[in-house]
Amino acid sequence: MISSLYVHIPFCQNICSYCDFCKMYYQKKEILPYLRALEEELNQVYQNETIKTIYIGGGTPSCLSVEELEVLFKILEKVKKSPQVEYTIECNFDSVTKEKLELFKRVGVNRLSFGLETTHSRFEDYLGRKIDSNKAKEILSDAKKIGFQNINVDLMYAFKGETLEEVEEDIDFILSLDVSHISTYSLIIEKNTILGIQKEKEISSDLDHQMYQLICKKLKEHGYIHYEISNFAFQGAFSSHNLTYWHNQYYYGIGLGAASYLPEKRILNTRSLSKYKKGQRIIEVENLTTKDQMIYELILNLRLLEGLDLDDFYRKFHTRLEENFPYQKLVNRGMLVIEENHLKIKEDLLYVSNYILEELIYGEE
Amino acid sequence: MQQNIRNFSIIAHIDHGKSTLADRILEKTGAVSSHDLKNQMLDSMDLERERGITIKLNTASFYYSFEGEKYLLNLIDTPGHVDFSYEVSRSLAACEGAVLVVDAAQGIEAQTLANLYLALENNLTIIPVINKIDLPNANISKVKQELMDLIGFQEEEIILTSAKTGEGIEDLLEAIVKKIKAPEGKAEAPLQALIFDSIFDSYRGVIISVRVFNGSLKVGDTIEMMATGKKFEVTELFKTTPKEIKVETLSAGEVGFVCAAIKDIASVEVGDTITLEKKKAQQALSGYKKMKSMVYCGLYPIESVKFESLREALGKLKLNDAALVFEPETSEALGFGFRCGFLGLLHMDIVKERITREFGIEIITTAPSVIYQIILTNDEKILIDAPNKFPNKEKIKQILEPFIRTSILSPTEYIGDIMGLCQDRRGIYENIEYINRSRVNIHYQLPLSEIVYDFFDKLKSSTKGYASFDYDFIGYVPSDLVKMDILLNGEQIDALSTIVHKDFAYQRGKSVVNSLKEAIPRQLFEVPIQAALGTHIIARSTVKALRKDVLAKCYGGDITRKKKLLEKQKEGKKKMKQIGKVELPQEAFMSVLNVENKD
């Protein structure tokens, strides 16, 4: 029933100015105790199911030393993996080495996800991270040589002062890398980030939207399939792990600040390392009513270009979507479309999907 | 006993220390100990909360001994919300004297004068007090001179106090006893008790504040309201010291509270006279200067099912706010609501705030309008309190609008700014009075419609807060006015129409469409905004379509957060009114009165 596992490694050698994820500076002495606590959590929650997707995210998992990584993979050995498992680890170009890549390959990792973000070094200070596109090229070439075919690269855009031309140059660079998967994120300034504290503002939504359109257009021209609001991939290289989220399917999330979705509840782990190590892991449990589960079904599936499968919905909830969320009105108003028994947000309105979701979910209240 | 009663009010410009002075008097006379002062207030607040009373009863009775005699002093505070002079005037009607408080640093302000004139109209004995003499920037001699020059007090009758340190409070109490007359009136005469305030209590019904002028009132008496003719049996009488003290009777000269199990709030009118059924008074007391509503606006519940709750809320508010008037009206855009009349903008804001806070009803208020007199071509005269009720242009012979005369007290350096502001608002210059070398009283004639919205804010900001403002209604004056309509998405929205002067229409149209553009949040589709005189479009603008609101990243697996975000977004929308395809926030309805000269 539960066939996905997320593993959080919160350590980073460097803290990026925009990052809102659970993270902390890498400290040698913290790593092994953390990994022990992680192992304890896995032992407690994991019920020996066959796992189809594993995703090691962060933080920066690749900043762990080879020895520390070996301990991590040793822990994950007990996870029963399906023969077709998708096994991903997040890396940054700064900390990953050939040796680490070889280790990943050896333990069965078959998908890499790199944060490139931008190629323009003028944003180094603003983003608070190193930007070196030559290094990126080198590492990717190594990774391919070692045999990784399934690679994602993250691109960020909508930085203060960024131009459409700069975004286009970034896209061209990523295209030249010839990777199978590209995730793009417009910069969101969150409260508890360095940028948020400095009261930086997001760029105008008009320019942001233009950048998004440019990205969609160029990536599609080069054979990528736009399959989720901000995700693009070659045929057959969609992220199975992320599709678990978007299809509203269960997953374990272990580690500091990790989130899990288990039958009838969503659980969020603490971001406090000391509490986590003491086993006081859970900070928030959202018990889900059937209605809540339906709402998540919509929120998540409608991020996908293919939309929500109405038959799947019926199979899951034994009631038709229309009876719970009368969507026909929004279809008539040109916000939603029905195609091949899938309900989807009109493609050119995907970028304003919150507005539409709110109408769809709460419009009747 | 009656000879030893003193009924008085404290009048002051806002922030001149009225409340602290009142607290200090209570403490000094032992009505409350300084230690209890806080406790007392907290206790009564709990009580209030328990009983659903949200406004304090505004009278305090206490004893003061002077030269071997014991005096009963009744301090009748003006109710918390003061919209210019009205609230003060009804409290003054219950008094024989008033303590006029002036801040030692600020000097005389516009409301000081306005309240003083009201007190004089009520034939009250005035005791001038300069308060806050402990302030480092107090300028006692200058303020004394103002009181002498402007009002004609003698230097020796001016009392100096510091409510903070307690200095001068004894002198003030002495002056109250010595100078303010004992109430006249006969205890054996037929009952005449003035209702000067009332509130609704869910346990006891309406609680009435009264000042007994003649006769006496006992628990068990059957009383009659002279204006409404309604009869009730008195269940309870009490005074506040400020603790509630039950009493058996209230006699001529006394102030207190009456409960009579009155559930129907409409039977009690502030300003009415209570008499006894068995021994009726010949006539009602003259009450107090009744104020007419000057400003009208529409109040609409955002959720249309709340219409009846809104009616009930307005009824309860009217209990201690006789100046509030309301009647049902319908708007094509907003549905069912009420046309409400207020004394001014502050009054309107308070009512709106209380409806939201005390009754939990989210409402939209339309832009305030004054009352226009319209002479039709058949010479019939009609009164119009809302722009959308304006008759067709062809039927109008003449339009008259209300004008007011200002008193703007300000330091001389801001004369230029103030005159500029008045000029922009179609003001007609009258004169400038010099109070002293550094302060002036500026008089302009202004259309009331030009001050109802943001005049006061603008005045404050262009004088760094130094100017104070008051006005008198002077009459109706013919004006060249036209109705300006607003169209959203090509549809005319009745609730957004305004009346503007013809010469200012283009400029106003432009600033209104621009401020609407700012006030209306982006929606899924573009919203064209137009201002029109009849069928003639005079200004246009566009609210651009929403371009982005999605979260690119789903926070790893933390999707709960996304749902919370949507819920928050929904809450925000609940405060908006859906009109056709467009969602309008409250600001949009007010922005039609925005008169920024933006180009």
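On a predicted model such as this, the values are computed, not experimentally measured, just so you know.

About the thresholds
Residues numbered from 1 in each chain as written. Chains lettered and ligands numbered in written order. Predicted model: local features only at pLDDT ≥ 70, side-chain atom pairs only at ≥ 80, totals over all residues. Heavy atoms only, no water. Helix = DSSP H or I, 4+ residues; strand = E, 2+ residues; numbered from the N terminus. Buried < 20%, exposed > 50% of the residue type's maximum accessible area, 1.4 Å probe, protein only. Contact = heavy atoms within 4.5 Å. Areas by Shrake-Rupley, 256 points an atom, 1.4 Å probe, with all protein chains shown as cover. Phe/Tyr/Trp six-rings, centres within 6.5 Å; stacked < 30°, edge-to-face > 60°. Patch = residues over 30% accessible without salt bridge, like charges linked within 9 Å, V, L, I, M, F, W, Y side chains within 5 Å. Salt bridge = Lys/Arg side-chain N within 4 Å of Asp/Glu carboxyl O. Lys, Arg positive; Asp, Glu negative; His and termini not counted. Charge placed at Lys NZ, Arg CZ, Asp CG, Glu CD. Expected span 1.5 Å × (residues − 1). Arc of directions from axis to C-beta. Buried area = accessible area lost by both parts, 1.4 Å probe. Polar contact = N/O pair within 3.5 Å; in protein donor to acceptor, adjacent residues only side chain to side chain. Pairing = 2+ DSSP bridges. Axes fitted to C-alpha atoms, helices over the stretch in contact; angles between N-to-C directions. Parallel < 35°, antiparallel > 145°, perpendicular 65-115°, else oblique. Left-handed = near helix turned anticlockwise from the far one by under 90°. Nonpolar A, V, L, I, M, F, W, Y, C, P; charged D, E, K, R; others polar. pLDDT = per-residue confidence, 0-100. Core = buried A, V, L, I, M, F, W, Y, C linked by side-chain atoms within 4.5 Å.

**Observations concerning the overall build of chain A**
Within chain A, the regular secondary structure consists of 15 helices and 17 strands. Relative to its 365 residues, chain A shows a buried fraction of 60%. Across chain A, every contact between residues at least 6 apart in sequence was considered, and the portion connecting residues at least 24 apart equals 69%. Of the roughly 15,700 Å² of accessible surface on chain A, a fraction of 48% belongs to carbon and sulfur atoms.

**Regarding the packing of aromatic side chains**
The geometry of two aromatic rings is summed up by the distance between their centres and the angle between their planes. Evaluated as defined, the whole model comprises 26 aromatic pairs over all chains. When the centroid spacing of 4.7 Å and the interplanar angle of 5° are considered together, the rings of Phe 93 of chain A and Phe 114 of chain A count as stacked. Placement of Phe 93 of chain A in the loop between β5 (81–91) and α3 (98–107) and of Phe 114 of chain A in strand β6 (residues 111–117) is noted, with a sequence separation of 21 residues between them. On the basis of an interplanar angle of 35° and a centroid distance of 6.2 Å, the ring pair of Phe 456 of chain B and Phe 469 of chain B is categorised as tilted. Taken as a pair, Phe 456 of chain B in helix α11 (residues 455–462) and Phe 469 of chain B in strand β26 (residues 468–478) lie far apart in primary sequence, 13 residues in all. Judged by its relative accessible area of 4%, Phe 469 of chain B falls in the buried class. Following the ring pairs from residue to residue traces out a cluster consisting of Tyr 245, Tyr 250, Tyr 251 and Tyr 261 of chain A.

**Some points on a negative patch on the surface**
Among the surface-exposed residues, Asp 134, Glu 167, Glu 170 and Asp 171 of chain B lie close enough to one another that they form a single negatively charged patch. If you trace the backbone, Asp 134 of chain B turns up in the loop between β5 (125–131) and α5 (140–151).

**Observations concerning α5 of chain B**
Residues and elements named next belong to chain B. Counted at 1.5 Å a residue, the expected span for α5 with its 12 residues is 16 Å, and the 16 Å between its end C-alpha atoms agrees. Within α5 the residues assigned to the buried category are Val 143, Lys 144, Glu 146 and Leu 147. When α5 is viewed along its axis, its buried side chains cluster within an angular range of 155° and face the same direction. Positive phi shows up at Gly 152, right after α5, with a value of about 90°.

**A word on the interface of chain A and chain B**
Taken together, the contact pairs 44 residues of chain A with 31 residues of chain B. Between chain A and chain B, roughly 3,700 Å² of surface is buried when both sides are summed, and carbon and sulfur atoms account for 55% of that area. Applying the counting rule to chain A against chain B returns seven salt bridges. The partner of Arg 547 of chain B in a salt bridge is Asp 206 of chain A, with the nearest N and O atoms 3.9 Å apart. One can count 17 residue pairs in polar contact (both at pLDDT 80 or more) joining chain A with chain B. Those elements giving two or more residues to the side of chain A that touches chain B turn out to be β8 (181–186), α8 (205–221), β13 (265–269), β14 (282–287), α11 (290–301) and α15 (353–362) of chain A.

**Things to note about the pairing of strand β29 (residues 498–501) of chain B**
Residues and elements named next belong to chain B. Side-chain alternation along β29 places Thr 498 and Val 500 on one buried face and Ile 499 and His 501 on a second face that is also buried. Bridging between strand β27 (residues 481–488) and β29 involves four bridges; their strand directions are antiparallel. Looking at the pairing, Val 482 lines up with Val 500 of β29.

**Concerning the sheet that holds β8 of chain A**
The strands that make up a sheet pair up through hydrogen bonds in the backbone, lying either parallel or antiparallel. Residue and element names in this part refer to chain A. Strands sit in the order β9-β10-β8-β7-β6-β5-β4-β1-β11 across an open sheet of nine strands; the sheet is mixed. Of all strands in the sheet, those with a lone pairing partner are β9 (225–228) and β11 (252–254), marking the two edges. When the angles between neighbouring strand axes are averaged without regard to direction, this sheet yields 20°. Where strand β7 (residues 150–157) lies against β8, six bridges are found, and the strand directions are parallel. Residue pairing across strands places Asp 154 opposite Ser 183, the latter belonging to β8. Sheet contacts for helix α2 (residues 66–76): β1 (4–9), β4 (51–58) and β5; angle to β5, the most-contacted strand, approximately 150°.

**Structural notes on the packing of helix α6 (residues 164–177) of chain A against α8 of chain A**
All names here are of chain A. Direction vectors running N to C along α6 and α8 enclose 25°, while the axes themselves pass 10 Å from each other. Classified by the angle their axes make, α6 and α8 are roughly parallel. In this structure, α6 meets α8 at a crossing whose hand is right-handed. For the pair α6 and α8, the contacting residues are Leu 164, Val 167, Glu 168, Ile 171, Asp 172 and Leu 175 in the first and Leu 207, Gln 210, Met 211, Leu 214, Ile 215, Lys 218 and Leu 219 in the second. Taken together, the residues of the contact of α6 with α8 sort by class into nine nonpolar, one polar and three charged.

**What about the confidence of the model for chain B?**
Residues and elements named next belong to chain B. When the pLDDT values of chain B are averaged, the result is 85; 90% of them are 70 or greater. Note on residues 79–84: pLDDT under 50 across the span, and 22 contacts to partners over four residues away in sequence or across chains. Scored by ipTM, the complex comes to 0.82, with pTM at 0.68.

**Some thoughts on the nonpolar core**
Counting residues in each nonpolar core, the largest one holds 124 residues, and the members touching the most others are Leu 5, Ile 9, Ile 56, Phe 104, Leu 112 and Phe 114 of chain A. Not counting the four nearest positions on each side in its chain, Phe 104 of chain A is found in contact with Leu 69, Phe 73, Ile 89, Cys 91, Val 96, Val 109, Leu 112 and Phe 148 of chain A. Counting 34 residues, the second largest nonpolar core, distinct from the first, contains Ile 486, Ala 519, Ala 531 and Val 592 of chain B.

**Examining α8 of chain A**
In a regular helix each residue adds 1.5 Å, so 17 residues correspond to 24 Å; α8 of chain A covers 24 Å between its end C-alpha atoms and thus fits that length. Where α8 of chain A ends, the next residue or the one after it, Gly 223 of chain A, has phi of about 90°, a positive value.

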